[in-house]
Amino acid sequence: MGGSQTYPYGSTAAVRGHVLAALGVLKVATADQVRRLMCPGHKDNKAVRNAALDLARHGLTLLEGNTRDGQKLWGADPAGSGRGRRSPGPPGR
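Because the structure is a prediction, the values reported are computed rather than measured.

Colleague: Which residues make up the packing of helix α1 (residues 13-26) against helix α3 (residues 46-57), and what are the values?
Modeller: When two helices pack together, their arrangement is given by the angle between the helix axes and by the axis-to-axis distance. Axis separation between α1 and α3 bottoms out at 9 Å; the angle between their running directions is 80°. As summarised for this structure, α1 and α3 are arranged roughly perpendicular, according to the angle between their axes. Residues Val15, Arg16, Val19 and Leu20 of α1 lie in contact with α3, whose contacting residues are Ala47, Val48, Ala51 and Leu55. The class makeup of the residues in the contact of α1 with α3 is 7 nonpolar, no polar and 1 charged.

Colleague: Please provide a residue-by-residue account of helix α2 (residues 31-38), values included.
Modeller: All of the buried residues along α2 are Ala31, Val34 and Arg35. All buried residues of α2 fall inside an arc of 100° around its axis, so they share one side. Along α2, the residues that are exposed and aim more than 90 degrees away from the buried face are Arg36 and Leu37. Considering only its buried residues, α2 is in contact with α1, β1 (28-30), α3 and β3 (72-76).

Colleague: Before we move on, can you summarise the pairing of strand β2 (residues 61-66) with the specific residues and values?
Modeller: Two elements, β2 and β3, share 5 bridges in a ladder whose sense is antiparallel. Counted as the bridge partner of leucine 63 is tryptophan 74 from β3. Between β2 and β3, which pair antiparallel and follow one another directly, the connecting turn spans 5 residues, one of which, glycine 70, has a positive phi of 95°.

Colleague: Residue-level account of the nonpolar core, with values.
Modeller: Nonpolar side chains tend to gather and get buried jointly when the protein is soluble and globular. Within the largest apolar cluster, 16 residues are counted, with the highest numbers of intra-cluster contacts made by Val15, Val19, Leu23, Val34, Val48 and Leu55. Contributions of two or more residues to this core are made by α1, α2, α3 and β3. Setting aside residues no more than four positions away along its own chain, valine 48 makes contact with Val15, Val19, Ala31, Val34, Arg35 and Cys39.

Colleague: Can you lay out the sheet that holds β3 for me, pointing to particular residues and giving the numbers?
Modeller: In a beta sheet, neighbouring strands are held together by backbone hydrogen bonds and run either parallel or antiparallel to one another. Read across the sheet, 3 strands follow the order β1-β3-β2 without closing on themselves; strand pairing throughout is antiparallel. Looking at strand neighbours, the two that pair on one side only are β1 and β2, the edges of this open sheet. For this sheet the average axis-to-axis angle between neighbouring strands, irrespective of direction, equals 35°. Judged from the 3 bridges that link them, β1 and β3 form a sheet pairing that is antiparallel. Within β3, the residue paired with threonine 30 across the bridge is leucine 73. Contacts from α2 reach β1 and β3 within the one sheet, and its direction differs from that of β1 by about 90°.

Colleague: Describe the pattern of salt bridges, naming the residues involved and giving the relevant values.
Modeller: Scanning all chains against the criterion turns up 2 salt bridges. Where aspartate 32 meets arginine 35, a salt bridge forms, and the shortest distance between an N and an O atom there is 3.1 Å. Placement of both aspartate 32 and arginine 35 in helix α2 is noted, with a separation of 3 residues, approximately one turn of the helix. Overall, the relative accessible area of 13% leaves arginine 35 in the buried class. Among the salt bridges present, the one from arginine 36 reaches aspartate 32, with a minimum N-O distance of 3.0 Å. Of this pair, arginine 36 and aspartate 32 both sit in helix α2, 4 residues apart, which is roughly one turn of that helix.

What counts, and at which threshold
- Residues numbered from 1 in each chain as written.
- Predicted model: local features only at pLDDT ≥ 70, side-chain atom pairs only at ≥ 80, totals over all residues.
- Heavy atoms only, no water.
- Axes fitted to C-alpha atoms, helices over the stretch in contact; angles between N-to-C directions.
- Helix = DSSP H or I, 4+ residues; strand = E, 2+ residues; numbered from the N terminus.
- Parallel < 35°, antiparallel > 145°, perpendicular 65-115°, else oblique.
- Contact = heavy atoms within 4.5 Å.
- Nonpolar A, V, L, I, M, F, W, Y, C, P; charged D, E, K, R; others polar.
- Buried < 20%, exposed > 50% of the residue type's maximum accessible area, 1.4 Å probe, protein only.
- Arc of directions from axis to C-beta.
- Pairing = 2+ DSSP bridges.
- Core = buried A, V, L, I, M, F, W, Y, C linked by side-chain atoms within 4.5 Å.
- Salt bridge = Lys/Arg side-chain N within 4 Å of Asp/Glu carboxyl O.

Below you can see the structure in the form of structure tokens.
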């Protein structure tokens, strides 16, 4: 982990916003599905995975399980599902 105290996985606001927007529509998706849909220019899904992990620390995403091939399925936390259009700021705002 090499990010800030607020986002220790080092995700950017843009990618966090992409994750929330995608999960607001899809409800459940793998990091690779979010990457292919929202940020296909990224060479792999590491940025999306890190964003999902950072958002989970703030209670906005949660792990819903795994696919048959072992990929994590991410979903929007019900409390966070209304924020799909805007990336969250620091806690307490």
